[in-house]
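Here is what each chain is made of, one letter per residue.
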Amino acid sequence: MFVFSNAFISGELSGISDKIVKAQYYAGATWYDATVTKTVTEGKIKISFQIGTTTGTDLDVSKVRLVGTDNTVIAESEAVIVRSSVTETVNYIAEIDVFGVSKNKNQTGEYDKQ
């Protein structure tokens, strides 16, 4: 079995990061768009965005997701975020580890991080 080297994976992180064009958060049966800021460092893509800048009401956010260049959902996560004042803005930060894996050395059917 071939496994991508860490050097190769690190080289691909910028390309993966470039495919993430926006974040969205789900509140009150509506998905709201948010502008993302991205940083790529040693095996991680760090995504940050603000929740609460697109609506002037209180918010109960139950999901967040990252959206790609072709408008497909790249990643989605459950969330519990409450903004109780329209003057508040919530900064949300997601860190995505990107790494190679190989079959578990103990042969348990799981994978080991490279």
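Thresholds, definitions, all that
- Residues numbered from 1 in each chain as written.
- Predicted model: local features only at pLDDT ≥ 70, side-chain atom pairs only at ≥ 80, totals over all residues.
- Heavy atoms only, no water.
- Helix = DSSP H or I, 4+ residues; strand = E, 2+ residues; numbered from the N terminus.
- Buried < 20%, exposed > 50% of the residue type's maximum accessible area, 1.4 Å probe, protein only.
- Polar contact = N/O pair within 3.5 Å; in protein donor to acceptor, adjacent residues only side chain to side chain.
- Contact = heavy atoms within 4.5 Å.
- Pairing = 2+ DSSP bridges.
- Axes fitted to C-alpha atoms, helices over the stretch in contact; angles between N-to-C directions.

(A) A look at the side chain of Arg-65. Summarising the element assignment, Arg-65 is placed in strand β5 (residues 59–68). The buried category is assigned to Arg-65, whose relative accessible area is 17%. Only 2.6 Å separates the side chain of Arg-65 from the side chain of Gln-24, close enough to count as a polar contact. Aside from chain neighbours lying at most four places away, what touches Arg-65 is Lys-22, Ala-23, Gln-24, Trp-31, Val-73, Ala-75 and Glu-76.

(B) Representation of the sheet that holds strand β1 (residues 20–27) within the structure. With antiparallel pairing, 4 strands are arranged side by side in an open sheet as β2-β1-β5-β6. The outermost strands of the open sheet, each flanked by one partner alone, are β2 (30–34) and β6 (73–83). Taken over all neighbouring pairs, the strand axes of this sheet differ in orientation by 25° on average, direction set aside. In the sheet, β1 pairs with β5 via 7 bridges, with the strands oriented antiparallel. From the neighbouring strand, Ile-20 faces β5, where its bridge partner is Gly-68.

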